[in-house]
Amino acid sequence: MSTPTPDSPARIRRIYDGHAGLYADSLVTEAAALLDAYLATAEQHGLDRKAADDEGWLAQAAAEAITRKYRRPATERTSTELSRLSTVLRAALTAEGLEVVPTPVRMGVGVAPLPGGPTWGAAGGLAVALYSDSGWELMLNATRTTSHSIHAPVTEVGAAEVAQLVHGVLRGDLADPFRRNR
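Cut-offs and rules
- Residues numbered from 1 in each chain as written.
- Predicted model: local features only at pLDDT ≥ 70, side-chain atom pairs only at ≥ 80, totals over all residues.
- Heavy atoms only, no water.
- Helix = DSSP H or I, 4+ residues; strand = E, 2+ residues; numbered from the N terminus.
- Rg over C-alpha atoms; globule rule 2.2 N^0.38 Å.
- Buried < 20%, exposed > 50% of the residue type's maximum accessible area, 1.4 Å probe, protein only.
- Contact = heavy atoms within 4.5 Å.
- Areas by Shrake-Rupley, 256 points an atom, 1.4 Å probe, with all protein chains shown as cover.
- Lys, Arg positive; Asp, Glu negative; His and termini not counted.
- Charge placed at Lys NZ, Arg CZ, Asp CG, Glu CD.
- Pairing = 2+ DSSP bridges.

**A look at the overall build of the protein chain**
At step 1: On a plain count of helices and strands, the protein chain comes out with six helices and six strands.
At step 2: Sequence-ordered secondary structure for the protein chain, helices as α and strands as β, is α-β-α-α-α-α-β-β-β-β-β-α.
At step 3: Expected size for 182 residues packed as a compact globule is a radius of gyration near 16 Å; at 18 Å, the protein chain falls within 12% of this value.
At step 4: Once the C-alpha set of the protein chain is aligned to its principal axes, its extents read approximately 60 × 35 × 25 Å.
At step 5: Per-residue burial over the protein chain gives 46% buried out of 182 residues.
At step 6: Taking contacts inside the protein chain between residues at least 6 apart in sequence as the whole, the part at least 24 apart equals 56%.
At step 7: A total of about 9,700 Å² of accessible surface is found on the protein chain, and carbon and sulfur atoms cover 53% of it.
At step 8: Each charge class in the protein chain was averaged separately, 18 positive and 21 negative side chains, and the resulting centres sit 6 Å apart.

Below you can see the structure in the form of structure tokens.
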């Protein structure tokens, strides 16, 4: 994969920031590299890079293609895989300095709120779940809740990125996906 040009990651991040989910840095980097490959191909066909993506369609295509890559697994995960990934996620959350707590969320890992961070009514923090047929999902640590996708690889490295994103939401550093005026 080629090294992204300086503005490609920023362009991809602006696209992802307009979506409701959370996006790991590795996806931004991968989408930026794909955008640069699209632009290099445009140059090979005699188009100026700026003119080739003047309206942002190539950037949008790169962002969507990489998101789609991590949306659903090619085959459903087994209970053994889910259990292993849940253990990896717990360790990653703990390594981030977060407290793992019980949760009513099926297949979820609960995370306690942080002092001074955002609150969500009676919900006791957040929960992250991973199912056999989806990617990472962020929700309130409550029985009834909505979920927001966390777009990150479903791997050990991805679990660490998920933990960083959850920490950012709990600190209030990242836009709260549960707020309507996000």
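**Digging into the pairing of strand β4 (residues 126–130)**
Within a regular strand, the side chains alternate between the two sheet faces.
At step 1: Most of β4 is tucked away: five of the five residues are buried.
At step 2: Of the two faces of β4, both are covered, the one formed by Leu 126, Val 128 and Leu 130 as well as the one formed by Ala 127 and Ala 129.
At step 3: Where strand β3 (residues 108–111) meets β4, four bridges bridge the pair, whose relative direction is antiparallel. Note that in β4 the partner of Val 109 across the bridge is Val 128.
At step 4: Sheet topology note: the β4/strand β5 (residues 136–140) ladder contains five bridges and is antiparallel. When the bridges of β5 are listed, Val 128 appears paired with Leu 138.

Worth remembering: the numbers are spatial, not functional.
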